[in-house]
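Structural description and commentary
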Amino acid sequence: MSIRILVLHGPNLNLLGQREPEVYGQQTLADINESLSLLAAELGVATDAFQSNHEGDLIDRIHSAESAGFAGIIINPGGLTHTSVALRDAISSIELPVIESHLSNIHAREAFRQHSYVAGVVIGQVSGFGAMSYHLALRGLISHLS
Ligand code: CA2
């Protein structure tokens, strides 16, 4: 059975491609999930994507990821990146490697976006490459696992 990677998308990312294309690009979340899944297949792993607008749902998925058979997590926490101690605590409570991914370069945006609560408990962060941030995160996670 191939290695399975959980991909978590946080609040408002379901709106991708419909609003603010100048900031977040033209691709929909379904487009991003599909291209990531194709890359994963090329690299010999599988991705399983989940989006939620609810902090607790994301935390529940993080808690159950290992028992559900995932080897690692890629997460774009959306706006929760900059607010959520609870999400950070959930990530630090598990043994699985986690990579943080952002479409935009959060360090080149408003001051309030430049701090990430989760950055200190993840393997690494990819920020600013649009949909490719997820691809780079996947490559980084696979490299970390192997
Ligand atoms: O750049 C990223 O990936 C972000 O995580 C996206 C979040 C933002 O709060 C972070 O600072 C950076 C926002 C996701 C909301 O996405 C939208 C998509 C279309 C229209 C409106 C929001």
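Residues numbered from 1 in each chain as written. Predicted model: local features only at pLDDT ≥ 70, side-chain atom pairs only at ≥ 80, totals over all residues. Heavy atoms only, no water.

Here we come to a nonpolar patch on the surface. Residues Phe129, Met132 and Leu136 make up a contiguous nonpolar surface patch of about 290 Å² in total accessible area. Relative accessible area serves as the criterion here: at 47%, Met132 is assigned to the partly exposed category. (Patch = residues over 30% accessible without salt bridge, like charges linked within 9 Å, V, L, I, M, F, W, Y side chains within 5 Å. Areas by Shrake-Rupley, 256 points an atom, 1.4 Å probe, with all protein chains shown as cover. Salt bridge = Lys/Arg side-chain N within 4 Å of Asp/Glu carboxyl O. Buried < 20%, exposed > 50% of the residue type's maximum accessible area, 1.4 Å probe, protein only.)

Another aspect to go through is the environment of Glu110. Following the sequence through the fold, Glu110 ends up in the loop between β4 (98-102) and β5 (124-127). Classification of Glu110 by relative accessible area gives partly exposed; the value is 35%. The spatial distance from the C-alpha of Glu110 to the C-alpha of Thr28 is 24 Å, given a sequence separation of 82 residues. One polar contact links Glu110 to Arg113, side chain to side chain, over a distance of 2.8 Å. (Helix = DSSP H or I, 4+ residues; strand = E, 2+ residues; numbered from the N terminus. Polar contact = N/O pair within 3.5 Å; in protein donor to acceptor, adjacent residues only side chain to side chain.)

Overall, parallel pairing links the five strands, which are arranged β2-β1-β3-β4-β5 in an open sheet. Here the strands that pair on one side only, and so sit at the sheet edges, are β2 (45-51) and β5. Between one strand axis and the next, the sheet turns through 20° on average, direction left out of account. Here strand β1 (residues 3-9) pairs with strand β3 (residues 72-76) via five bridges, running parallel. Bridge pairing links Val7 to Ile74 in β3. Its contacts with the sheet put helix α2 (residues 29-42) on β1 and β2, and the angle it makes with β2 is roughly 165°. (Pairing = 2+ DSSP bridges. Axes fitted to C-alpha atoms, helices over the stretch in contact; angles between N-to-C directions. Contact = heavy atoms within 4.5 Å.)

Distances and angles like these do not, on their own, reveal function.
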